[in-house]
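# Notes for the structure review
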Amino acid sequence: MRKIDKKQGGIAGIFSDIALLIEQSRQNVATTVNAEITLLYWNIGGSINQEILKNNRAEYGKQIISNLSNDLISQYGKGWGEKQLRQCMQFAMVFPDEKIVYALRIQLSWTHIRSLIYMENPVKRDFYIEICKLERWSSRQLQERIQSMLFERTAISKKPEQTIQNDLELLKKQQKVSPDMVFRDPYFLNFLGLSDTYSEKDLETSIIVELQHFISEMGSDFAFMARQKRINIDERDYYIDLVFFHRRLKCLVAIDLKIGEFEAGFKGQMELYLRYLEKHEQLEGENTPIGLILCTGKSEEHVELLQLDKSNIRVADYLTVLPSPKLLREKLHKAVEIAQQKLIHQD
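## Describing helix H4 (residues 98-107)
Restricting attention to buried positions, one finds in H4 the residues Val101, Leu104 and Arg105. Down the axis of H4, the buried side of the element spans an arc of 100 degrees, and every buried residue falls inside it. For H4, the exposed residues set more than 90 degrees away from the buried face come down to Lys99 and Ile106. Taking the backbone nitrogen of lysine 99 as reference, a side-chain oxygen 2.9 Å away marks aspartate 97 as the first, capping residue of H4.

In structure tokens, the structure reads:
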């Protein structure tokens, strides 16, 4: 067979066109196959669940799964072990609505779905589904986000359940995100490789060097705009550490990096930055800029009393060294519980 010389004029063009058609066809086939397999697993799970429900006996359930698995392996090979059948059953139980499954099977792979079906909190599960679709995570990225407790770190997790559901519904139907779904606390910056002692400049430089990792932690809709952005007010220069633009929020995001605990004075500094950006940098059609102050710690009472949300300012911790998963889980769950208790007392 003659090798195609892509350097030849007309041949190069048609080669590129045909290659693109092949790649698109492969992708379409993969999507179709995944959709059919996912629907098959859902139907299998539903059938087994109905059979067990009819007999209403736990022992019968164990027996039918074991026997069915052996028969399927004998007929179709190793892919039908008891674990696989139980995953199918769980899938059908968690997603009983066929219409939802029909949409889900095209948007997420079976590997994605397996990571979600054992989540007990349906709101948490819906959060991961919608953000996964929005940011087009691979199944590996989804697992990493779940392990990093992204939901618990996102501001939305500390809101009333109805607010979370409303925001998720808005995201699902109109592809609109709220700031509470974008900003996190704490941020994990362990990929920066900083030593025990470092300056704000070291922190900023490391972020620029590892910008791709930083944006991955912040969220894929953040676009880098500037570092040490100089602004001049009354012939006096100020410098904003980092400036990003968030595509879905349609606004500038000013980030101030701090070494140490949050202090009340940081609010005035950030307000100055935001008002300048609003007056001189904000374009027609954009929303009001948002400020994010990243600190190594903060007092919740300080943050609450300063009413930072009214100034469009958010404060979050950042961790350059991650604690143990157990300690992190306890800390995040405690933060969510405290926030929920405050909401109850406010009512």
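The rest of the description comes next.
## Side note on the pattern of salt bridges
One pass over the full model with this rule turns up 21 salt bridges. A salt bridge links glutamate 36 to arginine 105, with the shortest nitrogen-to-oxygen separation between them at 3.5 Å. Note that glutamate 36 is positioned in helix H1 (residues 9-55) and arginine 105 in helix H4, a separation of 69 residues in sequence. Aspartate 221 is the partner of arginine 248 in a salt bridge, and the nearest nitrogen-oxygen pair spans 2.9 Å. With arginine 248 in the loop between strand E3 (236-246) and strand E4 (251-257) and aspartate 221 in the loop between helix H12 (211-218) and strand E2 (222-233), this pair connects stretches of sequence that are 27 residues apart. Taking the relative accessible area as the measure of exposure, aspartate 221 reaches 4% and is therefore buried. Here the residues in one salt-bridge network are Asp185, Lys298, Glu300 and Asp317, joined through shared partners.

## Describing the sheet that holds strand E1 (residues 187-188)
Reading across from one edge, E1-E6-E5-E4-E3-E2 is the order of the 6 strands in this open sheet, with mixed pairing throughout. Because the sheet does not close on itself, it has two edges, and the strands there are E1 and E2. By the bridge criterion, 10 bridges tie E2 to E3 in an arrangement that is antiparallel. Within E3, the residue paired with arginine 230 across the bridge is tyrosine 239. In the packing of helix H13 (residues 265-280) onto the sheet, contacts are made with E2, E3, E4, strand E5 (290-295) and strand E6 (313-319), and the angle to E4 comes to roughly 150 degrees.

## Quick word on unusual backbone geometry
Glycine aside, residues mostly have negative phi, and peptide bonds are mostly found in the trans state. For the peptide bond that leads from aspartate 185 to proline 186, omega is 0 degrees, which places it in the cis range. Relative to the elements of secondary structure, proline 186 occurs in the loop between helix H10 (179-182) and E1. In the Ramachandran plot, methionine 149 falls in the positive-phi region, its phi being about 60 degrees despite a non-glycine side chain. The phi torsion at asparagine 312 lies on the positive side, around 65 degrees, for a residue other than glycine. Owing to a relative accessible area of 27%, asparagine 312 belongs among the partly exposed residues under this scheme.

## Observations concerning the environment of alanine 223
By secondary structure assignment, the location of alanine 223 is in strand E2. Counting along the chain gives 21 residues from alanine 223 to phenylalanine 244, while the straight-line C-alpha distance between them is 5.4 Å.

## A few points about the environment of glutamate 130
With respect to the secondary-structure elements, glutamate 130 resides in helix H6 (residues 122-135). The sequence separation of glutamate 130 and glycine 81 amounts to 49 residues, and the corresponding C-alpha distance is 30 Å. What glutamate 130 contacts, discounting residues up to four positions off in sequence, is Leu168, Leu171 and Lys172.

## Quick notes on the side chain of threonine 38
Mapped onto the secondary structure, threonine 38 falls in helix H1. At 2.8 Å, the side chain of threonine 38 and the backbone oxygen of asparagine 34 are in polar contact. What threonine 38 contacts, discounting residues up to four positions off in sequence, is Phe91, Arg105, Trp110 and Ile113.

Reading the values: the criteria
Residues numbered from 1 in each chain as written. Predicted model: local features only at pLDDT ≥ 70, side-chain atom pairs only at ≥ 80, totals over all residues. Heavy atoms only, no water. Buried < 20%, exposed > 50% of the residue type's maximum accessible area, 1.4 Å probe, protein only. Helix = DSSP H or I, 4+ residues; strand = E, 2+ residues; numbered from the N terminus. Arc of directions from axis to C-beta. Polar contact = N/O pair within 3.5 Å; in protein donor to acceptor, adjacent residues only side chain to side chain. Salt bridge = Lys/Arg side-chain N within 4 Å of Asp/Glu carboxyl O. Pairing = 2+ DSSP bridges. Contact = heavy atoms within 4.5 Å. Axes fitted to C-alpha atoms, helices over the stretch in contact; angles between N-to-C directions.

Fair warning: the whole summary comes from geometry, so function is off the table for now.
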